[in-house]
Amino acid sequence: MSKPRSLPKGVYRRIVSGQVYFLVLIGRDAAGKQRWKSCKTLAEALTQRQLIDHTRKQEGESLWALNPEQRGDAVAALDILKDHPGETLANAATFYSKNHLSLIRTEGLASLVDKYISKQIAIGMRLTSVRTLRCRINLLKKRFANRLVTELTANDMKEWDTELKKSGLSDESRKNILNRGCSFFKWAIANNYCVRNPLDPVAVKRPRVHRGDIQFFNVEQSKKILKVFTKHGMGIPAVLGLFCGIRPMECQRLRRHHFHIDGERIVIKLGADVTKGVWRRVLELERGTPLGDAVWAWLGGKGRLDLPDKLVSSEMTWRRRFAKIKKELGFDWIDDGLRHTAATMFFALTRDEAKTSALLGHTSMEMLRTHYKGLTVESEARKFYALRPKA
């Protein structure tokens, strides 16, 4: 089969047993294979090709007869079909419906959200993370409970984001909710429940979150925290959070075997079963240093560690006691304030980026430079590390 330069696109000449034929490419079938029409004369082939070109031109012009919303849907369909074979939109649509849409499992959003959460639990998501996931994604589930996941659009998501903003949610909360929803739609696409992500950040812009300085507890507030937490049997988590930067969630996972005394040091091993991420970190708190002396004074009485097997008996115990503690403190509680205080005071005292990052378990010092530098002075840090339990 050959194509002289004088023949138009899609028309080829073929010689079989000395007889000349002309083949016209008329598109592709539902399986994606090229379809040809055999013509005895060049005139017949050119006429056939003109009919095909006219059909394609009409399809293009018909887009402009639609209203803007319909036109947007048509353009979106063309974009989806661009990787599927077909000389015309009609052929491409036939191929797409028979070979792709048949694989899509249409399902209501509410039931699909439940499947998504169950899947996350099955692959090992921690219960605290599951609780956060439910809290954020249930707003999406409630808003679009009666809609099919395949019919949701970016415009639906933009309207929903506007509603969230009017309800009084902060920019950061809305950003977290939208990001969780985006992860859900990515999962749905990967499992052939839908073909597009209506919460893609390109289509639905995230709120810009303006962060001020990191908030932390001053020396007097820290003194009150240690006193009240100890009164309610929560002194150990308060000490670990305030001096060592160990998160409340990590304190709930710590056990006695994570602690041991090595000479003049208290060693705390936080493995992947304890930490927020997958990285292991080890804290060595040595006598003769401000941090080590403070932790020894609060935890290492008489040269030994007197710790229960579980630092917190249960999460419900933590929640119940923490609710009472916040009422007694007499000042506003700062989210992640214990960890922020540990980082701020340790860096103000040591001026050592590497040691502070190691204490917090940061893989990079960039977060330290961005958030914790210059928030307090060394004299305040020394007062902080001089805090001791009453005899």
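Everything below is about the structure shown above.
Residues numbered from 1 in each chain as written. Predicted model: local features only at pLDDT ≥ 70, side-chain atom pairs only at ≥ 80, totals over all residues. Heavy atoms only, no water.

**What about the side chain of Asn-197?**
Thought 1: Its location among the elements puts Asn-197 in the loop between α7 (171-190) and α8 (219-231).
Thought 2: Engagement of the side chain of Asn-197 in a polar contact is seen with the backbone nitrogen of Leu-199, the distance being 2.9 Å.
Thought 3: In this structure, Asn-197 is in contact with Cys-182, Phe-185, Lys-186 and Ile-189, ignoring residues within four places of it in sequence. (Helix = DSSP H or I, 4+ residues; strand = E, 2+ residues; numbered from the N terminus. Polar contact = N/O pair within 3.5 Å; in protein donor to acceptor, adjacent residues only side chain to side chain. Contact = heavy atoms within 4.5 Å.)

**Considerations on the sheet that holds strand β5 (residues 265-270)**
Thought 1: Read across the open sheet, the three strands follow the order β4-β5-β6; overall the sheet is antiparallel. Where the open sheet ends on each side, the last strands, each with one partner, are β4 (259-262) and β6 (281-286). Pairs of neighbouring strands in the sheet enclose a mean axial angle of 25°, with direction left out of account.
Thought 2: Pairing geometry for β5 and β6, over six bridges, is antiparallel. Bridge pairing links Leu-270 to Arg-281 in β6. (Pairing = 2+ DSSP bridges. Axes fitted to C-alpha atoms, helices over the stretch in contact; angles between N-to-C directions.)

**Brief notes about the pairing of β5**
Thought 1: As paired strands, β4 and β5 are joined by four bridges and run antiparallel to one another. Within β5, the position partnered with Ile-261 by the bridge is Ile-266.
Thought 2: Remark: two residues form the turn of the hairpin made by β4 and β5, two consecutive strands paired antiparallel; Gly-263 in that turn has positive phi of roughly 65°.

**Quick look at the packing of helix α13 (residues 337-350) against helix α14 (residues 353-360)**
Thought 1: At their nearest, the axes of α13 and α14 sit 9 Å apart, and the two run at 160° to each other. With respect to each other, α13 and α14 are oriented roughly antiparallel. Viewed along their axes, α13 and α14 form a crossing whose handedness is right-handed. Residue-level contacts link Arg-339, Ala-343, Phe-346, Phe-347 and Thr-350 of α13 to Glu-353, Lys-355, Thr-356, Leu-359 and Leu-360 of α14. (Parallel < 35°, antiparallel > 145°, perpendicular 65-115°, else oblique. Left-handed = near helix turned anticlockwise from the far one by under 90°.)

**Some points on the environment of Ile-26**
Thought 1: Structurally, Ile-26 is set in strand β2 (residues 19-28).
Thought 2: Note: C-alpha distance between Ile-26 and Ile-52 (26 residues apart in sequence) is 6.9 Å.

**Description of the pattern of salt bridges**
Thought 1: Following the criterion strictly, the structure yields 16 salt bridges and no others.
Thought 2: Arg-382 is the salt-bridge partner of Glu-378, the closest N and O atoms lying 3.0 Å from each other. Highlighted residues: Glu-378 and Arg-382, both in helix α16 (residues 378-385), separated by four residues, approximately one helical turn.
Thought 3: Look at Glu-378 and you get partly exposed, because its relative accessible area is 33%.
Thought 4: For Glu-380, the salt bridge goes to Lys-383, with nearest N and O atoms at 3.4 Å. Note that Glu-380 and Lys-383 are positioned in helix α16 at a spacing of three residues, about one turn of the helix.
Thought 5: What you see here is one network of salt bridges that share partners, running through Arg-131, Glu-315 and Arg-319. (Salt bridge = Lys/Arg side-chain N within 4 Å of Asp/Glu carboxyl O. Buried < 20%, exposed > 50% of the residue type's maximum accessible area, 1.4 Å probe, protein only.)

**Things to note about unusual backbone geometry**
Thought 1: Not every positive phi belongs to a glycine, and Ser-17 is a case in point at roughly 50°.
Thought 2: Topologically, Ser-17 is positioned in the loop between β1 (11-16) and β2.
Thought 3: Residue Asn-192 is not a glycine yet carries a positive backbone phi of 60°.
Thought 4: Exposure remark for Asn-192: the relative accessible area of 33% places this residue in the partly exposed category.

**Observations regarding helix α11 (residues 290-299)**
Thought 1: With seven of ten residues buried, α11 is to be regarded as a mostly interior element.
Thought 2: Residues of α11 that are buried include every one of Leu-291, Gly-292, Ala-294, Val-295, Trp-296, Trp-298 and Leu-299, and no others.

**Here's the deal with the packing of aromatic side chains**
Each aromatic ring pair is described using two quantities: the centre-to-centre distance and the angle formed by the ring planes.
Thought 1: Counting across every chain of the model gives 16 aromatic pairs.
Thought 2: Note on Trp-318 and Phe-322: the rings are 6.3 Å apart at their centroids and 25° apart in plane angle, and the pair reads as stacked. In this pair, Trp-318 and Phe-322 both sit in helix α12 (residues 315-329), four residues apart, roughly one turn of the helix. Across this residue pair, the class does not change: Trp-318 and Phe-322 are buried.
Thought 3: Aromatic rings pair up to connect Phe-217, Phe-229, Trp-318, Phe-322, Phe-331 and Trp-333 into one cluster.
Thought 4: Above the plane of the ring of Trp-296 lies Arg-287, whose end atom (NZ or CZ) is 3.8 Å from the centre. (Phe/Tyr/Trp six-rings, centres within 6.5 Å; stacked < 30°, edge-to-face > 60°. Lys NZ or Arg CZ within 6 Å of the ring centre and 35° of its normal.)

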